[in-house]
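Below, each chain spelled out in residue letters.
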Amino acid sequence: MKAVLASHNKKKMAEMRAILSELGVELLSQADVGVDIEPEETGTTFEENARIKAEAIMQATGLPAIADDSGLVVDALNGEPGVYSARYGGEGLDDTGRWQLLLKNMKGTENRACRFVSVICCAFPDGSQLMTRGECHGVVAEGPRGEGGFGYDPVFWLPEKGKSMAELSPEEKNSISHRGNALRVFKEELEKKLNGTDQ
């Protein structure tokens with residue numbers, strides 16, 4: 001099966017391609033199919049935004065489209081940055097600027113519990129959809145650690161590993177991450193659909 005990823009994020013593409021290739025899914029980028037669309041994420045939940053992106057790319061390409069909407073949910077900040085994780089602090093900030101703002105907003109906060117959430121939606125040309133959700137729990141670190149990953153990974157501390165998400169190898173990250181967890185369930189559901197056993 002060929003599917004298009006509704007994202008321009010190369011690191012997200014690499015993570016998702018690595019996991020989905022085991023299923024025989026050839027994941028194409030928007031550039032591969034000559035489409036350059038950035039659907040407006042008007043949803044208030046990860047599920048709504050994933051659906052908006054997947055449907056827009058599926059309609060533009062006529063191919064199954066897979067979208068991931070993910071973000072960091074911090075308990076002490078009432079769930080922020082949440083669905084606005086990629087836009088936290090406004091358009092002028094890069095990944096580093098966003099996690100620096102997060103650390104500033106968390107200064108002096110004792111409850112540092114947080115979780116990464118990933119919702120994956122695949123929209124098929126026949127109108128059917130698959131949607132799965134994965135989470136990874138941790139705490140907001142006091143400062144950045146590690147050079148790997150992207151987004152908030154340097155300040156996402158995993159107590160059971162004694163490392164930040166940015167200190168994990170890609171294989172380690174995929175085995176425990178929110179996206180890895182969502183993709184494993186997605187893979188099972190997709191396998192059922194492709195084999196016609198999803199009834």
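Residues numbered from 1 in each chain as written. Predicted model: local features only at pLDDT ≥ 70, side-chain atom pairs only at ≥ 80, totals over all residues. Heavy atoms only, no water.

Aromatic ring pairs are reported here in terms of the distance separating the ring centres and the angle at which the planes meet. Enumeration over the complete set of coordinates arrives at 1 aromatic pair. Ring centres of Phe116 and Phe156 lie 4.2 Å apart, and the angle between their planes is 20°; on these two criteria the pair is classed as stacked. Residue Phe116 is located in strand E4 (residues 113-123), and its partner Phe156 is located in strand E6 (residues 156-158); the two are separated by 40 residues in the primary sequence. For the pair shown, Phe116 and Phe156 are each scored as buried. Sitting above the plane of the Phe124 ring, Lys193 keeps its charged end 4.6 Å from the centroid. (Phe/Tyr/Trp six-rings, centres within 6.5 Å; stacked < 30°, edge-to-face > 60°. Helix = DSSP H or I, 4+ residues; strand = E, 2+ residues; numbered from the N terminus. Buried < 20%, exposed > 50% of the residue type's maximum accessible area, 1.4 Å probe, protein only. Lys NZ or Arg CZ within 6 Å of the ring centre and 35° of its normal.)

With the rule as written, the count across this model stands at 16 salt bridges. Linking Arg133 and Glu47 is a salt bridge whose minimum nitrogen-to-oxygen distance equals 2.9 Å. With Arg133 in strand E5 (residues 129-140) and Glu47 in helix H2 (residues 46-61), the pair connects residues that are 86 residues apart, well separated along the chain. Overall, Glu47 belongs to the partly exposed group, its relative accessible area being 24%. Between Glu167 and Arg145 there is a salt bridge, with its nearest N and O atoms 3.3 Å apart. Of this pair, Glu167 sits in the loop between strand E7 (163-164) and helix H4 (170-176) while Arg145 sits in the loop between E5 and E6; the two residues are 22 residues apart in sequence, bridging distant segments of the chain. Through salt bridges with shared partners, one network takes in Glu47, Asp75, Arg115, Arg133 and Glu135. (Salt bridge = Lys/Arg side-chain N within 4 Å of Asp/Glu carboxyl O.)

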